[in-house]
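Each chain, letter by letter, is given below.
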Amino acid sequence: MSTTVAALREALAHSPENVPLRVHLARTLLEAGRADEALVEARAAVAQDSDRMDAREVLGAAAGELGDDATLVDAWFPIRTQLGADEVRVLALAAARTGRLDEARGAYAVLHAVDPGVHDLALDRAMRAAPEPRLPSSALPSSAPPSPARPPRPLDAAAEAPVRGTRPSINFGDVGGLEALKERLRMDIVYPLQRPDLFKAYGKRIGGGVLLYGPPGCGKTHLARAAAGECGAKFFVVEIQAVLDMWLGESEKRLHNIFEEARASAPSIVFFDEIEAIGGARHQLKHGPGRRLVNQLLAELDGAGASNEAVLVIGATNAPWDVDSALRRPGRFDRVVFVPPPDAAGREVVLALALRERPTETLDLASIARRCLRFSGADMHHLVEVASERALGEALRTGNLRPITQSDLLASLDKVKPTTIEWIETARRYVSYANQAGLYDDVGAYLKSLEG
Ligand SMILES: Nc1ncnc2c1ncn2[C@@H]1O[C@H](COP(=O)(O)OP(=O)(O)OP(=O)(O)O)[C@@H](O)[C@H]1O
Ligand SMILES: [Mg+2]
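All of these numbers come straight from a predicted model, not from anything done at the bench.

Moving on, we come to the overall build of the protein. The number of helices and strands found in the protein is 22 helices and five strands. Within the protein, the proportion of its 452 residues that are buried is 48%. Residue pairs in contact within the protein that sit at least 24 positions apart in sequence constitute 72% of those at least 6 positions apart. Accessible area of the protein: about 21,400 Å², with a carbon and sulfur share of 52%.

As a further point, take the site of ligand 1. Surrounding ligand 1, one finds 17 residues, the nearest of these being Gly176, Gly217, Lys220, Thr221 and Asn318. Between an oxygen atom of ligand 1 and a side-chain N or O atom of threonine 221, the distance comes to 2.8 Å. Residue histidine 222 places a main-chain N or O atom 2.8 Å away from an oxygen atom belonging to ligand 1. Protein coverage of the free-state accessible area of ligand 1, which is 630 Å², stands at 76%. Residue assignment for the shell around ligand 1 shows that the elements contributing at least two residues are helix 12 (220–231) and helix 19 (377–398).

Moving on to helix 3 (residues 35–48). In a regular helix each residue adds 1.5 Å, so 14 residues correspond to 20 Å; helix 3 covers 20 Å between its end C-alpha atoms and thus fits that length. In this fold, the buried residues of helix 3 make contact with helix 1 (2–14), helix 2 (19–31), helix 4 (53–66) and helix 5 (69–76).

What follows deals with the pattern of salt bridges. Pairing of side chains with opposite charge becomes possible as their charged atoms draw close. Per the stated rule, a full pass over the model turns up 23 salt bridges. Linking glutamate 183 and arginine 186 is a salt bridge whose minimum nitrogen-to-oxygen distance equals 3.0 Å. Note that glutamate 183 and arginine 186 are positioned in helix 10 (residues 179–194) at a spacing of three residues, about one turn of the helix. Looking at glutamate 183, the relative accessible area reads 38%, which means it is partly exposed.

The next subject is the side chain of arginine 347. Note that arginine 347 resides in helix 17 (residues 344–355). Discounting chain neighbours no more than four positions away, the residues touching arginine 347 are Pro342, Ala369, Arg370, Cys372, Leu373, Arg374, Phe375 and Met380.

So, on to unusual backbone geometry. A negative phi holds for most residues other than glycine; trans holds for most peptide bonds. Geometrically, the link from alanine 266 to proline 267 is a cis peptide bond, its omega value of 5° lying close to zero. Tracing the backbone through its elements, the reader meets proline 267 in the loop between helix 14 (250–264) and strand 3 (268–273). Of note in this structure, leucine 178 is not a glycine but carries a positive phi near 55°. Topologically, leucine 178 is positioned in the loop between helix 9 (155–160) and helix 10. Although it is not a glycine, glutamate 274 sits at a positive phi angle of roughly 50°. Counting through the fold element by element, glutamate 274 comes out in the loop between strand 3 and helix 15 (276–280). Exposure remark for glutamate 274: the relative accessible area of 42% places this residue in the partly exposed category.

Summarising burial for strand 1 (residues 209–213): five of the five residues are buried, a large majority. The alternating pattern of strand 1 places Gly209, Leu211 and Tyr213 and Val210 and Leu212 on opposite faces, both of which are buried. Pairing geometry for strand 1 and strand 4 (residues 311–317), over five bridges, is parallel. Among the inter-strand pairings, leucine 212 is bridged to a residue of strand 4, identified as alanine 316. Bridging between strand 1 and strand 5 (residues 335–338) involves four bridges; their strand directions are parallel. Within strand 5, the position partnered with valine 210 by the bridge is arginine 335.

Let us now look at the packing of helix 3 against helix 4. Across the interface, helix 3 lies against helix 4 with an axial gap of 8 Å and an inter-helix angle of 150°. In the packing of helix 3 onto helix 4, the handedness of the crossing is left-handed. Across from Ala35, Asp36, Ala38, Leu39, Ala42, Arg43, Ala45 and Val46 in helix 3, the residues of helix 4 making contact are Ala55, Arg56, Val58, Leu59, Ala62, Ala63, Glu65 and Leu66. Taken together, the residues of the contact of helix 3 with helix 4 sort by class into twelve nonpolar, no polar and four charged.

In this section: the pairing of strand 3. With six of six residues buried, strand 3 is to be regarded as a mostly interior element. Burial along strand 3 is two-sided: Ser268, Val270 and Phe272 and Ile269, Phe271 and Asp273, pointing in opposite directions, are all buried. Across six bridges, the pairing between strand 2 (residues 234–239) and strand 3 is parallel. If you follow glutamate 239 over to strand 3, its bridge partner there is aspartate 273. Summarising the sheet, strand 3 and strand 4 pair through five bridges and their orientation is parallel. Of the residues in strand 4, the one forming a bridge with serine 268 is valine 311.

This next bit is on the nonpolar core. The biggest cluster of nonpolar side chains holds 39 residues, and the ones touching the most others in it are Trp76 and Leu91. Going through the elements one at a time, helix 1, helix 2, helix 3, helix 4, helix 5, helix 6 (85–97) and helix 7 (101–114) are the ones with two or more residues in this core. The greatest single-element share of this core, amounting to seven residues, is contributed by helix 6. Look past the residues within four positions of tryptophan 76 in its chain and what remains in contact with it is Arg56, Glu57, Gly60, Ala61, Leu83, Glu87, Val90 and Leu91. Listed in part, the 38 residues of the second largest apolar core include Leu293, Val311, Ala326 and Phe333.

This part is about the sheet that holds strand 2. With respect to topology, five strands assemble into an open sheet ordered 2-3-4-1-5, the strand pairing being parallel. At either margin of the open sheet sits one strand with a lone partner, and together these are strand 2 and strand 5. Shown here is a sheet whose adjacent strand axes are inclined to one another by a mean of 20°, direction ignored. Strand contacts of helix 14: strand 2, strand 3 and strand 4, with the helix running at about 150° to strand 3, the strand carrying the most contacts.

Reading the values: the criteria
Residues numbered from 1 in each chain as written. Chains lettered and ligands numbered in written order. Predicted model: local features only at pLDDT ≥ 70, side-chain atom pairs only at ≥ 80, totals over all residues. Heavy atoms only, no water. Helix = DSSP H or I, 4+ residues; strand = E, 2+ residues; numbered from the N terminus. Buried < 20%, exposed > 50% of the residue type's maximum accessible area, 1.4 Å probe, protein only. Contact = heavy atoms within 4.5 Å. Areas by Shrake-Rupley, 256 points an atom, 1.4 Å probe, with all protein chains shown as cover. Near = heavy atom within 4 Å. Polar contact = N/O pair within 3.5 Å; in protein donor to acceptor, adjacent residues only side chain to side chain. Expected span 1.5 Å × (residues − 1). Salt bridge = Lys/Arg side-chain N within 4 Å of Asp/Glu carboxyl O. Pairing = 2+ DSSP bridges. Axes fitted to C-alpha atoms, helices over the stretch in contact; angles between N-to-C directions. Left-handed = near helix turned anticlockwise from the far one by under 90°. Nonpolar A, V, L, I, M, F, W, Y, C, P; charged D, E, K, R; others polar. Core = buried A, V, L, I, M, F, W, Y, C linked by side-chain atoms within 4.5 Å.

Fair warning: the whole summary comes from geometry, so function is off the table for now.
What follows is the structure, encoded as structure tokens:
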């Protein structure tokens, strides 16, 4: 063996750039029980070509022999989907021991993808004993998207954290335009919660869910919140991505707790933001955590043995085409509603709402609104921000407060562009090629109105 090693070293001295040769040397060293030397060569090979699967494999194996968890995780995590189950398990344990919980979860997710029933006690314990656990200060984050660099959460604690709903102070008066939509939501959400007796008397079913979809910034979240405010319901926000990020197996429990709390404090509205994320995992992991969370959600929507009376659900998404079709069956998110960019009249109202607490001269908002084709509600808010800055800048220079003027708004028009274009183009393709069962007819009508 030592002669082989000597020969390989000799060959490598002549062609140090030969990575396969270096990997071969590293593997030979490892098999000879010389893990420390193997680690040096494998590390050099990975440094030369970080995409080489075999170099990473040997590096992780050598690190494992030497008890070097950090190197093992660095080497193996990027190739976790190509490793054997035993190696993935070793990777997950090493990551948990070094407190790298995101990587531990990522590795465990691979195990689940292969074997959904897998439950590893040693791994569970390692996760729980991981260094520096930080307790979450509250329940689920309510609106901010989860930041990628979030500190690890201890899993039991996150699932058990109290669920708190809010009582939104806004109502439909705070939503500009979208009149037909508000009326629709009154019938589907507001009246059923306010007058369940009348609905029952006429044999109308209460429950099921409404799925709001449309381009970003057009008021889906705003509208859901306003609907809760309109009927005085308690409002629970579920951010799928945050729930999915939790330790596997705990996310289902977390979802169940939210529904239990919503049932206990009914009337309530449970709002699922970015609901496509729950089916999104489908593409990568057919049987993984995403699938089990979908099943849990379906069970909760179907009542989960309890009554969902006076618990209504609203989902929102920019990508209805990615929403798991099982979620759209009767009794679930069975009403699918397009939330379009506001029309000119709606844009005028949004402008007025955004300006209502700021000093202005008498403005011709209608003429501004007419020039904001394809602007979202958020874009209209942005326009007002830019105009306000213009007035404020001048006030700071002169020392005198002056109202926001028509020309401030006109000047801002040059600086603010609609953010709905990309979505509209994507939607156009789906309407043309994948408008199953006329699901996107409303979008089609909207697209037509843009041409006219
Ligand atoms: N029709 C509207 N009336 C009043 N304000 C609106 C309207 N549409 C949007 N806005 C404003 O724009 C902001 C963004 O809207 P919102 O977050 O509800 O959009 P969204 O459709 O949920 O977007 P995303 O798809 O990015 O989640 C809201 O906080 C609200 O102030
Ligand atoms: Mg939203």
